Structures are given as C-alpha cells and as structure tokens.
Amino acid sequence: MTEIPRLNGVIKQRVEGRPVFLPFIAPTIEAAIGVSVSDYDGCVFEMEHGIYDISNLRIALQFMLNRRQLVTGGTLAPKVAPFVRIPPNGIEKNSWIAKQVLDIGVYGIIWPHCSTVGEAVNAVSACRYPRRESAPNYFPPGIRGDAPTTAARYWGITNAEYYKRADVWPLVPEGEVMCVIMCEELRAIKNLPEILEEVPGIGAVLIGEGDLSQEMGIPRQYDHPDLRAAMADIVAICKANNVTVGHPHVDANNVERILGEGYTWLMSSGVTTYPALVRGRELAGRA
C-alpha cells in the first residue's frame, strides 16, 4: 500500500512551524466555492451561532472539491482543509454532533466553551474511535461511532486507510483530525494549564475574545487592557505547552500585532477579508 501524504494542510503548516490562516464561513455553496480557490490553509464552517444544518454542510463540502486542483496538485489533499465550529458548549458533551460532522469528512472540530479537564477529555474522545486500553496513546479513550465510509470517500482513501489517519494530531503524528477547544471563560483560563498538561490530543486553543470580554464586563472592547492581558495569559500558557493558539478576529490592521504576540492560528470573518490573509502571509514569509 502506497503511503498517503499529509491530507490536512493546516496540520502540515503547523508541523513545519508556520502560522495558519482560516476564515469563518457559512455552510453555503457560494462560500464553499469561494474559499476553495483561495490561499487560506483551511476554513471553519460556522455552525455555533448559525443554524446547524448537516445537509447544507455536506453539500458545501462537496463544492469545495475541485477536480483540476486534485489532478494538477498531484495529491488527495484539499487545497483548503474544511473544519466546523459545532453548536454545543463543552459542558453539554453532545458528542453526536461531532460524530455527524466527522462522518461526512471534516478535518477538524472547534469546540466552544471548553473550560475544564472533563470537557476537554470529552471533546478529544468524541474525535477518536474506541480502542483497547492496552493500545498506544489510549487516553483520551475514543467514543466515536463506527461509520467511516462517507468520510473515507470524501478524503479519497479506503476505509482501512481512513481508520489509520482519522485520529487526533498531535497525539497521533499521522492523524489528520484536529480537535480545537475554545478558551472563552475566566474559569477556562484558570484551568488551561491543567487541561493542556492532562489532556493529550488538543490540536489548538482558539480564544473566544467576544465571550471572554462579555464575562469581564467589557463586551467587545477588544483593545481593553484587561482583555489583552487575559489573552496574553492564554498565549503564554499555550506556548509553555507547545500548543497552537488562535485569534478569532484578524484583519489587515491588526495582523502584524497578532503575529508578533505569538498567535499561530489566525482567523478572519469571511473569505472577503483577503487583505489580512495577504499581509499575514507576507509577514510570515509565506507570500
């Protein structure tokens, strides 16, 4: 069996030490086509605050596929890796939604309000298939149900190959799935060192500065020094644990500062915020 190269371009860039750029987009045909020909590393279909519609998401995923890209690129890897932000907060532990979106082929899940060790364990577990306790990298134990056929077809590989690759990175180096938790509560910051020390398999921590600022009594005052200080604490904790840390509101005016502060997962609010991507790639040496 020929070894399949890396499929998740976001992971590829992080393994090579480069920051990654992703927009939030709606699960629509038009958004999917637009992002599929962009220079983003991945995209996140927004289904936390938007309507959770698995049918629309599945259709959008199909319209991200471009046969010419696959042929001329000589790889099964999509040009832009699709992720999804799901509706449940971490405390709700609704792993069935994670099961559904993974089963149609997404490469990663963003978990809102994941603020404790237990919630983080559930998030990672929902992204993994079960295995024996004696198996390597057993913890967190997998709870994902077995239905790989649709996802394997979308990735362009066999079921057997999918089983090997459908695990969480960086816990499993060949894994193609990223479990991203959102840190957007004061208790989450307090618990983050313990979470990152005790829960392997977290691919990135995305700061939710909107919700965090709301709790701090300074809603959407993104330049407030107290909010900036709290976010800097999150960045420092992630750096100390060698975990990718993300910023959710990147534009052409702040991208240089955000890169300088140590963020390595930079998000914009839609494909049309292209100047932030262009400038960010220039600053990161990826132009």
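Residues numbered from 1 in each chain as written. Predicted model: local features only at pLDDT ≥ 70, side-chain atom pairs only at ≥ 80, totals over all residues. Heavy atoms only, no water.

Caption draft 1: Region of the structure containing the packing of helix α2 (residues 29–36) against helix α3 (residues 54–64). Contact geometry for α2 and α3: axes closest at 8 Å, N-to-C directions at 30 degrees. As the angle between them shows, α2 and α3 are arranged roughly parallel. Seen along the crossing, α2 lies across α3 with a hand that is right-handed. Taken together, the residues of α3 that come into contact with α2 (itself represented by Ile-29, Ala-32, Ile-33, Val-35 and Ser-36) are Ile-59, Ala-60, Phe-63 and Met-64. By residue class, the composition of the contact of α2 with α3 is 8 nonpolar, 1 polar and no charged. (Axes fitted to C-alpha atoms, helices over the stretch in contact; angles between N-to-C directions. Helix = DSSP H or I, 4+ residues; strand = E, 2+ residues; numbered from the N terminus. Parallel < 35°, antiparallel > 145°, perpendicular 65-115°, else oblique. Left-handed = near helix turned anticlockwise from the far one by under 90°. Contact = heavy atoms within 4.5 Å. Nonpolar A, V, L, I, M, F, W, Y, C, P; charged D, E, K, R; others polar.)

Caption draft 2: Layout of the pattern of salt bridges. Scanning the entire structure with this criterion turns up 17 salt bridges. Across the pair Glu-16 and Lys-12 runs a salt bridge whose closest N-O atoms are separated by 3.1 Å. The partner of Glu-176 in a salt bridge is Arg-165, with the nearest N and O atoms 2.6 Å apart. Here Glu-176 is found in the loop between α8 (159–165) and β5 (178–183), whereas its partner Arg-165 is found in helix α8, with 11 residues between them in sequence. Each of the two residues, Glu-176 as well as Arg-165, counts as buried. One connected set of salt bridges, linked through shared partners, spans Arg-6, Arg-165 and Glu-176. (Salt bridge = Lys/Arg side-chain N within 4 Å of Asp/Glu carboxyl O. Buried < 20%, exposed > 50% of the residue type's maximum accessible area, 1.4 Å probe, protein only.)

Caption draft 3: Geometry of the sheet that holds strand β4 (residues 108–111). Spatial strand order, β1-β2-β3-β4-β5-β6-β7-β8: 8 strands in a closed barrel with parallel pairing. Neighbouring strand axes in the sheet, compared pairwise and without regard to direction, differ in orientation by 25 degrees on average. Sheet strands in contact with helix α11 (residues 225–240) are β5, β6 (202–207) and β7 (244–247), and its direction is about 170 degrees off that of β6. (Pairing = 2+ DSSP bridges.)

Caption draft 4: Summary view of the layout of surface pockets. In this model, the largest pocket occupies a volume close to 420 Å³. Mapped onto the lining of the largest pocket, the elements with two or more residues apiece are α1 (9–15) and α4 (67–73). Split by residue class, the lining of the largest pocket holds 8 nonpolar, 9 polar and 7 charged. (1 Å grid on protein atoms, 1.4 Å probe; cavity = no way out; pocket = protein on both sides within 12 Å on 5 of 7 lines; lining within 4 Å. Points joined across faces, edges and corners; volume = space filled by probe spheres on them.)

Caption draft 5: View of the nonpolar core. By size, the foremost hydrophobic cluster in this structure holds 79 residues, and its most contacted members are Phe-45, Val-205 and Ile-234. Ranked by the residues each element gives to this core, the list is headed by α11, at 7 residues. In this view, Ile-234 contacts Cys-183, Ile-189, Leu-192, Val-205, Ile-207, Leu-212 and Val-245; residues no more than four positions away in its chain are not counted. (Core = buried A, V, L, I, M, F, W, Y, C linked by side-chain atoms within 4.5 Å.)

Caption draft 6: The side chain of Ser-115, seen in detail. Topologically, Ser-115 is positioned in the loop between β4 and α6 (117–126). Polar side-chain contacts of Ser-115 include one of 2.7 Å to the side chain of Glu-185. Residue contacts for Ser-115: discarding those within four places in its chain leaves Glu-185, Arg-187, Ala-188, Asn-191 and Ile-195. (Polar contact = N/O pair within 3.5 Å; in protein donor to acceptor, adjacent residues only side chain to side chain.)

Caption draft 7: Quick look at a nonpolar patch on the surface. Taken together, the side chains of Ile-29, Ile-33, Ile-59 and Phe-63 make up a nonpolar region of the molecular surface, amounting to roughly 310 Å² of accessible area. Sorting the residues of the nonpolar patch by element identifies α2 and α3 as the ones contributing at least two each. Relative to the assigned elements, Ile-59 resides in helix α3. (Patch = residues over 30% accessible without salt bridge, like charges linked within 9 Å, V, L, I, M, F, W, Y side chains within 5 Å. Areas by Shrake-Rupley, 256 points an atom, 1.4 Å probe, with all protein chains shown as cover.)

Caption draft 8: Region of the structure containing α3. Of the positions making up α3, those classed as buried are Leu-57, Ala-60, Leu-61 and Met-64. Taken end-on, α3 shows its buried residues confined to a sector of 105 degrees, consistent with a single buried face. Contacts made by the buried residues of α3 are with α2, β2 (42–46), β3 (81–85), α5 (95–103) and α7 (149–155). For α3, the side-chain oxygen to backbone nitrogen distance between the N-cap and Ser-55 is 3.0 Å, and the N-cap itself is Asp-53. (Arc of directions from axis to C-beta.)

Caption draft 9: Structural context of the packing of α6 against helix α9 (residues 186–198). Packing of α6 against α9 brings their axes to within 9 Å, and their N-to-C directions diverge by 55 degrees. Relative to α9, the element α6 lies oblique. The element α6 and its partner α9 pack so that their crossing is right-handed. Two secondary-structure elements touch here, α6 through Val-117, Glu-119 and Ala-120 and α9 through Arg-187, Glu-194, Ile-195 and Glu-198. For the contact of α6 with α9, the residue count by class is 3 nonpolar, no polar and 4 charged.

Caption draft 10: Structural context of the packing of aromatic side chains. Counting across every chain of the model gives 5 aromatic pairs. With centroids separated by 5.6 Å and ring planes inclined at 90 degrees, the aromatic side chains of Phe-83 and Trp-265 adopt a geometry described as edge-to-face. With Phe-83 in strand β3 and Trp-265 in strand β8 (residues 265–268), the pair connects residues that are 182 residues apart, well separated along the chain. Comparing Phe-83 with Trp-265 shows no difference in burial state: the two are buried. Through pairs of rings, three or more aromatic residues link up here, namely Tyr-107, Trp-155 and Tyr-162. (Phe/Tyr/Trp six-rings, centres within 6.5 Å; stacked < 30°, edge-to-face > 60°.)

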